[in-house]
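Descriptive analysis of the structure
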Amino acid sequence: MPLRFNTCPHCNKKIIFKIEMDDINSNQYPAPVYIKCKSCNKLSTFYVDSLLRVSYKELDKKLGGIKTIETK
Ligand SMILES: [Zn+2]
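The text that follows walks through the structure, step by step, so that each part is easy to find. Everything numeric here is computed off the predicted structure, so don't read it as measured data.

On the basis of which strands lie adjacent, the open sheet formed by four strands has the order E5-E4-E3-E6 and mixed pairing. Each edge of the open sheet is held by one strand with a lone partner, namely strand E5 (54–58) and strand E6 (68–70). Each strand axis lies, on average, 35 degrees off the axis of its neighbour in the sheet, ignoring direction. Relative to E6, strand E3 (residues 31–36) runs parallel, the two being bridged by three bridges. Its bridge partner lying in E6, Lys-36 is registered against Glu-70.

With that settled, the discussion passes to the environment of Ser-39. Position of Ser-39 among the secondary structure elements: in the loop between E3 and strand E4 (43–48). On the basis of neighbour counts, which here come to 13 C-beta atoms within 10 Å, the residue Ser-39 falls in the partly exposed class. Excluding residues that lie within four positions of it along the chain, Ser-39 makes contacts with Cys-8, Cys-11 and Lys-13.

Counting buried positions along strand E1 (residues 3–7) yields zero of five residues, so the element is predominantly exposed. Pairing between E1 and strand E2 (residues 14–18): five bridges, direction antiparallel. Considered in E2, the bridge of Phe-5 is made with Ile-16. Connecting E1 to the antiparallel partner E2 that follows it, the hairpin turn spans six residues, and Asn-12 within it adopts a positive phi of roughly 65 degrees.

Soluble, globular proteins show a tendency: their nonpolar side chains are buried together. Among the nonpolar cores identified, the biggest contains 11 residues, and these are Cys-8, Ile-15, Phe-17, Ile-19, Ile-24, Ala-31, Val-33, Ile-35, Cys-37, Phe-46 and Val-48. Of all the secondary-structure elements, those providing two or more residues to this core are E2, E3 and E4. Among the elements that line this core, the one with the most residues is E3, at three residues.

Each value, and the rule that gives it
- Residues numbered from 1 in each chain as written.
- Predicted model: local features only at pLDDT ≥ 70, side-chain atom pairs only at ≥ 80, totals over all residues.
- Pairing = 2+ DSSP bridges.
- Helix = DSSP H or I, 4+ residues; strand = E, 2+ residues; numbered from the N terminus.
- Axes fitted to C-alpha atoms, helices over the stretch in contact; angles between N-to-C directions.
- Buried ≥ 20, exposed ≤ 12 C-beta atoms within 10 Å, placed from the backbone.
- Contact = placed C-beta atoms within 7 Å.
- Core = buried A, V, L, I, M, F, W, Y, C linked by C-beta atoms within 7 Å.

What follows is the structure, given as structure tokens:
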């Protein structure tokens, strides 16, 4: 279960989250997944590649995601 280190696009605080293949719709890459920041409680959309590495992120909730992941 890969652990990812990144920053929240809303508050710029460091975030850590676990992501698995079950968390994304793998029909299309980069695949969106929703990330809920523990610090500011806001949702953003992170796009990951086939190795579940973050490619880019968007501030709001974009279409196509299937799960929301809480950060640590
Ligand atoms: Zn945040």
